[in-house]
Amino acid sequence: MEFLNSHILSITTFLPLLTMLGILASPSLPLARWVSMGGSVVTFFASLHVWWYFDPQTPGLQFTEIHNWIPQFGTKYIMGVDGLNLLLLTLTTFLTPLILLSVWHVDYKKQKAFL
């Protein structure tokens, strides 16, 4: 559980990127639809994990990740979430499956690119 809590924001951020690679690799549009819906639902559940374990009594950022990115330039990869960002994260990951569901039966040439 400690690994999940310490990397949940990166998982929530980069899981849609992995989903995109799955959509591009899918041979048919129906499979691409299912891959996009599955990835967006898993991302939503990851944001619910953040919501569940977020402590509103703790000031500052939570679920913080700090990693050296390019040490020669002194750049770091830093992520964290506070109360306002938590609402926006949850709203975004909640709306994504709804948007995908709203275009589920729409067929047009570049739907895989949309997904």
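Refer to the preceding data block for the structure.
Everything numeric in this text was worked out from a predicted model, so none of it was measured.

Draft legend 1. Geometry of the overall build of the chain. For the chain, the count of helices and strands is 4 helices and 2 strands. Ordering the α and β elements of the chain from the N terminus gives α-α-β-β-α-α. Each principal axis of the C-alpha atoms in the chain carries an extent, and together these give about 45 × 35 × 25 Å. Once local pairs closer than 6 in sequence are excluded, the contacts in the chain between residues at least 24 apart make up 64%. Accessible surface for the chain amounts to roughly 7800 Å². Of this, 72% is attributable to carbon and sulfur atoms.

Draft legend 2. Here's a closer look at the pairing of strand S1 (residues 62-70). In the sheet, S1 pairs with strand S2 (residues 75-81) via 6 bridges, with the strands oriented antiparallel. By the bridge assignment for S2, Ile66 is matched with Ile78. Between S1 and S2, which pair antiparallel in sequence order, lie 4 residues; one of them, Gly74, sits at a positive phi of approximately 75°.

Draft legend 3. Representation of the nonpolar core within the structure. Among the nonpolar cores identified, the biggest contains 9 residues, and these are Ile8, Leu9, Ala46, Val50, Phe54, Phe63, Met79, Val81 and Leu86. Going through the elements one at a time, helix H1 (2-25), helix H2 (29-53) and S2 are the ones with two or more residues in this core. Look past the residues within four positions of Leu86 in its chain and what remains in contact with it is Val50, Trp51, Phe54 and Val81.

Draft legend 4. Structural context of the environment of Ala113. Within the secondary structure, Ala113 sits in helix H4 (residues 111-114). With a relative accessible area of 69%, Ala113 lands in the exposed category. Each C-alpha atom of the pair Ala113 and Ala32 lies 9.9 Å from the other, and the pair is 81 residues apart in sequence.

Draft legend 5. Molecular detail of the packing of aromatic side chains. What the rule picks out here adds up to 4 aromatic pairs. Put simply, the rings of Phe44, Phe45 and Phe94 touch in pairs and so form one group of aromatic residues.

Criteria and thresholds
- Residues numbered from 1 in each chain as written.
- Predicted model: local features only at pLDDT ≥ 70, side-chain atom pairs only at ≥ 80, totals over all residues.
- Heavy atoms only, no water.
- Helix = DSSP H or I, 4+ residues; strand = E, 2+ residues; numbered from the N terminus.
- Contact = heavy atoms within 4.5 Å.
- Areas by Shrake-Rupley, 256 points an atom, 1.4 Å probe, with all protein chains shown as cover.
- Pairing = 2+ DSSP bridges.
- Core = buried A, V, L, I, M, F, W, Y, C linked by side-chain atoms within 4.5 Å.
- Buried < 20%, exposed > 50% of the residue type's maximum accessible area, 1.4 Å probe, protein only.
- Phe/Tyr/Trp six-rings, centres within 6.5 Å; stacked < 30°, edge-to-face > 60°.

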